[in-house]
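# Reading the structure
Listed below, chain by chain, are the residues.
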Amino acid sequence: MGSLMAGEEFQHILRVLNTNVDGKEKVMYAMTAIRGIGRRFSNVVCKKAEVDMNKRAGEMSAQELEQLMVIVSNPRTFKVPDWFLNRRRDFRDGKTGQIVSSGVDSKLREDFERLKKIRNHRGLRAYWGLRIKGQHTKTTGRRGKTVGVAKKH
């Protein structure tokens, strides 16, 4: 396998959207290393960019990579449906789009700050370091907390 990929233009590691992407993986799966891009979205982007799905990420030309990044940055112009995107009707500006890379972290932090500010239940539990989505917490998720039961004497 190593000798087949040893072309002079092959890149073993690509730097895309502040993320190191493995050039030995196929394009669709390599793109999932970027935060905010999953397998389904990666599949759609590759199809819209008309990139060969059997090609490895390190074999892509700079023009193909640029086309992929253009589609990722504004997927609605390439007729990717709104329900496919990870940020629908943003709270601040009401826009729908795909958030990737460091934008995911900043939006998540922004959302929790807003929830804490309005004293929302989810915001408070995030502030206290507890589980938010209704999971049981009696016996699981005890990292950083005392383990065991205090016995009565």
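Quick summary incoming for the structure in this document. None of the values given here were measured: they were computed from a predicted structure.

### Quick word on the overall build of the chain
- When helices and strands are counted, the chain shows five helices and two strands.
- Reading the chain from its N terminus to its C terminus gives the helix and strand order β-β-α-α-α-α-α.
- Computed over C-alpha atoms, the radius of gyration of the chain comes to 21 Å, more than 25% over the 15 Å expected from 2.2 N^0.38 for 153 residues, which places it beyond the range of a compact globule.
- Taken along the three principal axes of its C-alpha coordinates, the chain extends 75 × 40 × 20 Å.
- By the burial criterion, 31% of the 153 residues in the chain qualify as buried.
- Sequence-distant contacts in the chain: of pairs separated by 6 or more residues, those separated by 24 or more amount to 43%.
- Accessible surface, the chain: about 11,200 Å² in total, of which carbon and sulfur atoms supply 51%.

### Brief notes about helix H5 (residues 121-128)
- Within H5, burial applies to Gly-123, Leu-124 and Arg-125.
- On its buried face, H5 sits against helix H4 (102-117).
- Capping the start of H5, Asn-120 holds a side-chain oxygen 2.8 Å from the backbone nitrogen of Arg-122, two or three residues further along.
- With its phi angle positive at about 80°, Gly-129 sits one or two positions after the end of H5.

### Side note on the pairing of strand S2 (residues 19-22)
- Along S2, the buried face is formed by Thr-19 and Val-21; none of Asn-20 and Asp-22, which line the opposite face, is buried.
- The pairing of strand S1 (residues 13-16) with S2 spans four bridges and is classified as antiparallel. By the bridge assignment, Ile-13 is partnered in S2 with Asp-22.
- Between the end of S1 and the start of S2, which pair antiparallel, lie two residues, with Leu-17 showing a positive phi angle near 50°.

### So, the pattern of salt bridges
- Scanning all chains against the criterion turns up 10 salt bridges.
- Among the ionic pairs, Arg-92 bridges to Glu-110, the shortest N-O distance being 3.3 Å. Residue Arg-92 is located in the loop between helix H3 (62-73) and H4, and its partner Glu-110 is located in helix H4; the two are separated by 18 residues in the primary sequence.

### Points about the environment of Arg-131
- Residue placement: Arg-131 occurs in the segment after H5.
- Residue classification places Arg-131 among the partly exposed positions, given a relative accessible area of 39%.
- Once you skip the residues sitting within four places of it in the chain, Arg-131 turns out to touch Arg-125, Thr-137 and Gly-141.

### A short note on a nonpolar patch on the surface
- Together, Tyr-127, Trp-128 and Leu-130 give the surface a local cluster of nonpolar side chains, amounting to about 370 Å² of exposed area.
- Along the polypeptide, Trp-128 turns up in helix H5.

### Topic: the packing of helix H2 (residues 39-48) against H3
- Taken N-terminus to C-terminus, the directions of H2 and H3 make an angle of 125°; their axes are 9 Å apart at the nearest point. Taken together, the axes of H2 and H3 lie oblique to each other. The chirality of how H2 crosses H3 is right-handed. Between H2 and H3, the residues in contact are Phe-41, Val-45, Cys-46 and Lys-48 and Leu-68, Ile-71 and Val-72, respectively.

### Focus on H2
- Inspection of H2 places Phe-41, Ser-42, Val-44, Val-45 and Cys-46 among the buried residues, and these make up the whole buried set.
- Residues of H2 that are buried in the fold lie against helix H1 (27-30) and H3.
- Looking one or two places after H2, you find Glu-50, whose phi comes out positive at around 55°.

What counts, and at which threshold
- Residues numbered from 1 in each chain as written.
- Predicted model: local features only at pLDDT ≥ 70, side-chain atom pairs only at ≥ 80, totals over all residues.
- Heavy atoms only, no water.
- Helix = DSSP H or I, 4+ residues; strand = E, 2+ residues; numbered from the N terminus.
- Rg over C-alpha atoms; globule rule 2.2 N^0.38 Å.
- Buried < 20%, exposed > 50% of the residue type's maximum accessible area, 1.4 Å probe, protein only.
- Contact = heavy atoms within 4.5 Å.
- Areas by Shrake-Rupley, 256 points an atom, 1.4 Å probe, with all protein chains shown as cover.
- Polar contact = N/O pair within 3.5 Å; in protein donor to acceptor, adjacent residues only side chain to side chain.
- Pairing = 2+ DSSP bridges.
- Salt bridge = Lys/Arg side-chain N within 4 Å of Asp/Glu carboxyl O.
- Patch = residues over 30% accessible without salt bridge, like charges linked within 9 Å, V, L, I, M, F, W, Y side chains within 5 Å.
- Axes fitted to C-alpha atoms, helices over the stretch in contact; angles between N-to-C directions.
- Parallel < 35°, antiparallel > 145°, perpendicular 65-115°, else oblique.
- Left-handed = near helix turned anticlockwise from the far one by under 90°.

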